[in-house]
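So the chains spell out like this:
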Amino acid sequence: MRFRTLKYHFGQGVRGMAKNGFMSLAAIATVIACSFILILSLCVCMNIDYILKQFEENIGITVFLGPDVSEEMTEDIGNRIKHIDHVTDVVYKSADDNLTSAIESWENASILEGLRDDNPLPSSFEIKLEGAKYQDSVVAELEALQLSIESELNAEPDGTVYLDQNGNQITKEQAAQGNTQAKTEGTQEGTTAAKTAQTTEKPSAPATEVVTSAAQADAAVSAQNKQAEAEPAPPPEISQQSAPNQQPAQSAQPAAAEAPQQETIQTDPNAEAVMPEETKEDVVYSSAPSQDLMNTIMSAVSATAGGGIYYEPSSMSSTDAGVAGTDLYDAKLYGTDGYEYKGIEKIRHATEESHMLVRINTAVRIFSVIIMIILCIISISIIMNTIRLTVVIRKNEINIMKYVGATDWFIRWPFIIEGMLMGFIGSFISTVICFFGYTECLHLLSEKLTVIANIAQFIGPFEIFAYIAPIALLFGVLLGIIGSVSSIRKYLRV
Amino acid sequence: MSSVIKIDNVTKIYENGALGLKDFSLDIDKGEFVFIVGQSGSGKSTFMRILLKEIEPTTGDVFIDDTDLSMLKRKKIPYLRRKLGCVFQDFRLLPSKTVYENVAFAMQVVEASNRNIRRSVPQVLALVGLHKKAKSYPDQLSGGEKQRVAIARAIINKPPILLADEPTGNLDPDTAWGIMELLKEINSRGTTVVMATHAKDIVNRMRKRVVHIENGVLISDVAEGGYDDEI
Ligand SMILES: Nc1ncnc2c1ncn2[C@@H]1O[C@H](COP(=O)(O)OP(=O)(O)OP(=O)(O)O)[C@@H](O)[C@H]1O
Ligand SMILES: [Mg+2]
């Protein structure tokens, strides 16, 4: 299109708008109303989104390291965590840092100062994610990492790799466990058998206890070798072990049955439910006072690390022994004779919160999209009717234009520009009103409702309108275009 | 001489069953002045509208400048109409535009340059004798003057053909004759003029080619004829 033609159309559009003054005002008023609702819902949605993001940023995962993890190891673990997808930030907290924050978060924690010299707290990594929705996948990765670190540490010098029946790499302990199970089922000989029997007497004992001592593992291995000698079916060097799950039902000794879950059991909130009550008590009382305290502190530490949104499933069910129960497995494992974690001890996360946040987020989005669609339909139909009237008024003109050889687009343009102008003016007025309204609202909120302002931060007026203004203006212009194009359609047929 | 309009065996039956034209054939050569005469409802306007591709013939072919109208895409219709200036009984001027603007409008529509518009419009207004009324609005003009504006608008883009459907229908005899003189002048400059009319005296005085239609059927076609020649 030539510039003078554009100028002509623009002039015609303005003229058309001015000529049908009343109708144009009505159309503009409609656009003002529509874009007002649009801007309003955008403001609400964007702010909810923004606040959810703030919460989301505070929901992290804490990875506690075992004691006596060397510096290189710590660094290595840190690097490996950083390389997990959707991890945005990994912060190392030394045991000392954790104690400090525990002291800070506890009112009467000055007694903890005495622990400075002999700090029972673990060091940890605090992990931030891109969003709450990635939590599950990152936790899965961390668990895999935990497993692989453990298996690396326990790897045989000759590089033997242990696989379960599915071909997945498992730790030596797991392998041994599976084998021990097989033994128990079969010959029941030597120290291994005795050990297994002892283990299985304690139905609650998490599998970890059975398998984590190095001596035990060795015993298991030796048992495995013996078995290999006795029954040539599984060759000694094979990594494929007969797995407990493949055993007949009578092998259902709890420890053995739980063996494959040994690593995940720590993060499984339901695990507690299957434990007999006495065991729980036993755990609580058996833990030394200092250990009890330590567990409490660990909870406190992770609570602060979690930015206040922290949920520990087991502590909800048992408030009494809650804190100790929370770290049931730690209580049993941590400091247990002869056992030391060598890599990642525990992965802590708030699944419920993150799932809830993701759900709220999705709900808000869906809701706003629905509102938008309804709004658009209403606005377009109103604009269509308004412009249709101006088109009817100019039917004569369109007719004459057709007779003198005007192309369809030449006829359309002035109406489109007229619609665009009305849409633009309407959404512009609306944007200006909303901008000042929003600024005023933020003012009022920060002055009168300091409580809300403290909980959540809202998006600044300039920041939010940098996004909203173009959207609103585009919305208005599009409304005008769609309205005018659809209303002149039928008058083009001459 | 090549025919600028060629109508071949055209039949037009409207959706409601009314007969517009029946087995109608006609050739019009470049530069001719042709009267289409016949009683009211005989099919004169149907003939004009088929030329403008406002309506499609039910059967038969129409060629304008060797272009088969039935093959013409919808998008190309505006370019066909630029070859056909048209004038109607009811003038069809834009009341909100001045005389000058009404004429300039036809040039803007075909995206002529402003310079071109400023040069051509006064020339055409001078040709139709309205150069002094350029700033008037249609309401301020007499019927004859309105029709002159309409003619000026129809010829401003120099179309090879001018279609006039009863251009004198609303005018008194003297004014009508003035319009005829103007059309004759336009025709003498090379434009083919096709004019539908009831006005016997005008047809008889002009001594041009007369095509007579009754009930959609061509009943006579006489060069330098009169209205009642064959009847
Ligand atoms: N749009 C239409 N739909 C249906 N029938 C129509 C339509 N236009 C015209 N007709 C019919 O076609 C026939 C020819 O009409 P047409 O307008 O061509 O006559 P005309 O010769 O121009 O008459 P007039 O001298 O009164 O203008 C008439 O019978 C008329 O009723
Ligand atoms: Mg007619």
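Here, the structure is the one placed above.
Fair warning: this is a prediction, and the values are worked out from it, not measured in the lab. (Residues numbered from 1 in each chain as written. Chains lettered and ligands numbered in written order. Predicted model: local features only at pLDDT ≥ 70, side-chain atom pairs only at ≥ 80, totals over all residues. Heavy atoms only, no water.)

Participant: Run through the sheet that holds strand β8 (residues 192-197) of chain B, naming residues and quoting values.
Facilitator: Residues and elements named next belong to chain B. Here six strands make up an open sheet; going across it, the order is β6-β7-β8-β3-β9-β10 and the pairing mixed. In the strand order of this sheet, the two ends are held by β6 (84-88) and β10 (217-222), each with one partner. Strand-to-strand twist across the sheet, computed as the mean angle between neighbouring axes with direction ignored, equals 15°. Direction of pairing for β6 relative to strand β7 (residues 161-165): parallel, over a ladder of five bridges. Its bridge partner being in β7, V87 is matched across the sheet by A164. In the packing of helix α1 (residues 44-51) onto the sheet, the strands contacted are β3 (33-37), β6, β7, β8 and β9 (209-214), and the crossing angle to β8 comes to about 145°. (Pairing = 2+ DSSP bridges. Helix = DSSP H or I, 4+ residues; strand = E, 2+ residues; numbered from the N terminus. Axes fitted to C-alpha atoms, helices over the stretch in contact; angles between N-to-C directions. Contact = heavy atoms within 4.5 Å.)

Participant: Tell me about the side chain of K12(B), and please be specific about residues and values.
Facilitator: Tracing the backbone through its elements, the reader meets K12(B) in strand β1 (residues 3-13). Every residue in contact with K12(B), bar those within four places of it in the chain, is listed here: A18(B), L19(B), G20(B), L21(B), T46(B), I50(B), I55(B), E56(B), P57(B) and T58(B).

Participant: Lay out the pattern of salt bridges in plain terms, naming residues and giving numbers.
Facilitator: Residue and element names in this part refer to chain A. For the structure shown, the criterion picks out 14 salt bridges over all chains. Salt-bridge contacts for D76 lead to R80; the nearest nitrogen and oxygen are separated by 3.3 Å. With D76 and R80 both in helix α3 (residues 71-82), this residue pair falls four residues apart, about one helical turn. Overall, D76 belongs to the partly exposed group, its relative accessible area being 33%. With a closest N to O distance of 3.2 Å, K93 and E126 form a salt bridge. One end of the pair, K93, is in strand β2 (residues 87-93); the other, E126, is in strand β3 (residues 124-129), with 33 residues separating them in the sequence. With relative accessibility at 24%, the residue K93 sits in the partly exposed group. Residue classification places E126 among the buried residues on the basis of a relative accessible area of 12%. (Salt bridge = Lys/Arg side-chain N within 4 Å of Asp/Glu carboxyl O. Buried < 20%, exposed > 50% of the residue type's maximum accessible area, 1.4 Å probe, protein only.)

Participant: So what's going on with the site of ligand 1? Residues and values would help.
Facilitator: Residues and elements named next belong to chain B. The full set close to ligand 1 counts 15 residues, and S40, G41, K44, S45 and T46 are the nearest of them. One of the side-chain N or O atoms of Y14 is found 3.5 Å from a nitrogen atom in ligand 1. A distance of 2.5 Å is found between an oxygen atom of ligand 1 and a side-chain nitrogen or oxygen belonging to S40. Looking at the shell around ligand 1, its residues break down into three nonpolar, nine polar and three charged. (Near = heavy atom within 4 Å. Polar contact = N/O pair within 3.5 Å; in protein donor to acceptor, adjacent residues only side chain to side chain. Nonpolar A, V, L, I, M, F, W, Y, C, P; charged D, E, K, R; others polar.)

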